[in-house]
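The chain contents come next:
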Amino acid sequence: MKDSIINLILERIAQNYEEQIPYYEEMYRIAREQQALLQQAEIDTDLLLGLINQRQELIENLEGRNREISLIRDEVCQALEIKEFNITNIQNRVNGPGTHALTTVLAELSTVLTKIKELDKKNEELLREGITKVKDKLRQMQDAKKATKAYQPAAPLRDGVFIDYNR
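About the criteria used
Residues numbered from 1 in each chain as written. Predicted model: local features only at pLDDT ≥ 70, side-chain atom pairs only at ≥ 80, totals over all residues. Heavy atoms only, no water. Helix = DSSP H or I, 4+ residues; strand = E, 2+ residues; numbered from the N terminus. Rg over C-alpha atoms; globule rule 2.2 N^0.38 Å. Buried < 20%, exposed > 50% of the residue type's maximum accessible area, 1.4 Å probe, protein only. Contact = heavy atoms within 4.5 Å. Areas by Shrake-Rupley, 256 points an atom, 1.4 Å probe, with all protein chains shown as cover. Lys, Arg positive; Asp, Glu negative; His and termini not counted. Charge placed at Lys NZ, Arg CZ, Asp CG, Glu CD. Phe/Tyr/Trp six-rings, centres within 6.5 Å; stacked < 30°, edge-to-face > 60°. Lys NZ or Arg CZ within 6 Å of the ring centre and 35° of its normal. Salt bridge = Lys/Arg side-chain N within 4 Å of Asp/Glu carboxyl O. Polar contact = N/O pair within 3.5 Å; in protein donor to acceptor, adjacent residues only side chain to side chain. Core = buried A, V, L, I, M, F, W, Y, C linked by side-chain atoms within 4.5 Å.

J.: Could you clarify how one ought to interpret the overall build of the chain in this entry?
T.: Scanning the chain from N- to C-terminus turns up four helices and zero strands. Along the chain direction, N to C, the helices and strands of the chain fall in the order α-α-α-α. At 29 Å, the chain has a C-alpha radius of gyration far larger than the 15 Å of a compact globule built from 167 residues. Its C-alpha atoms give the chain principal-axis dimensions of about 100 × 45 × 25 Å. For the chain, the residues scored as buried account for 25% of the 167 residues in total. Residue pairs at least 24 apart in sequence account for 74% of intrachain contacts in the chain once pairs closer than 6 positions are excluded. Carbon and sulfur atoms form 53% of the exposed surface of the chain, whose accessible area is close to 12600 Å². Positive and negative side-chain charges in the chain, numbering 24 and 28 respectively, have mean positions lying 8 Å apart.

Structure below.
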């Protein structure tokens, strides 16, 4: 009896994770857009910030969903007398359709999350390169400004300037 109830709960957790997959896929799509943007010669920072904000909204939505699941996961851990909610610990205690569904959805989630992580790493490298290029351009502009200033004599004062300290 206990195993069938646990399997029902695990199926519900699996269903909730399944509902999250489109959010992660959308996050991956946004990461691809970020990559395309970061590969351009001139980066549209407003567009980049817009993509970052879209992604942040997805993250906040997912965090809310995960808070809901967290309580249920804690109860499963207590019921199964396991310390950590992971598929190996669960499979060691119970087997059935809920365990199978959870295994399947966690594999799907892992695949999507790995793709996002790899793309984020590439995007971070592109962003660092872009920042380095901007710093180099600024340094060149500052050097050119200093050189121009050094070779241009100051304009001579035509009128004398006197300061009356008595007033």
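J.: Hey, could you run me through the packing of aromatic side chains in this one?
T.: Each aromatic ring pair is characterised by the separation of its centres together with the angle its planes make. In total, this model carries zero aromatic pairs according to the counting rule given. The ring of Tyr28 has Lys115 lying over it, and the distance from NZ or CZ to the ring centre is 4.7 Å.

J.: Explanation requested: the pattern of salt bridges in the structure shown.
T.: In this structure the tally under the stated criterion is seven salt bridges. The shortest N-O distance in the salt bridge between Arg29 and Glu26 comes to 2.4 Å. Highlighted residues: Arg29 and Glu26, both in helix H1 (residues 2-38), separated by three residues, approximately one helical turn. For Arg29, a relative accessible area of 27% corresponds to the partly exposed category. Among the ionic pairs, Glu33 bridges to Arg29, the shortest N-O distance being 1.9 Å. With a gap of four residues between them, Glu33 and Arg29 both fall in helix H1, about one helical turn apart. Among the residues examined, Glu33 registers a relative accessible area of 34% and is labelled partly exposed. Salt bridges linked by common partners bring Glu26, Arg29 and Glu33 together as one network.

J.: I keep staring at the side chain of Asn7 and nothing clicks. Help me out?
T.: Within the secondary structure, Asn7 sits in helix H1. Given the relative accessible area of 6%, Asn7 is considered buried. A distance of 2.9 Å separates a polar atom in the side chain of Asn7 from the backbone nitrogen of Gly98. From its side chain, Asn7 meets the backbone nitrogen of Thr99 in a polar contact 3.3 Å long.

J.: Help me understand the nonpolar core, please; the structure alone is not making it clear to me.
T.: Soluble, globular proteins show a tendency: their nonpolar side chains are buried together. With 29 residues, the main nonpolar core has Leu10, Ile13, Phe85, Ile90 and Leu102 as its most contacted residues. Of all the secondary-structure elements, those providing two or more residues to this core are H1, helix H2 (45-80) and helix H4 (97-151). Counting residues per element, this core draws most heavily on H1, at eleven residues. Setting aside chain neighbours within four positions, we find Ile13 in contact with Ile69, Ile72, Arg73, Val76, Phe85 and Leu102.

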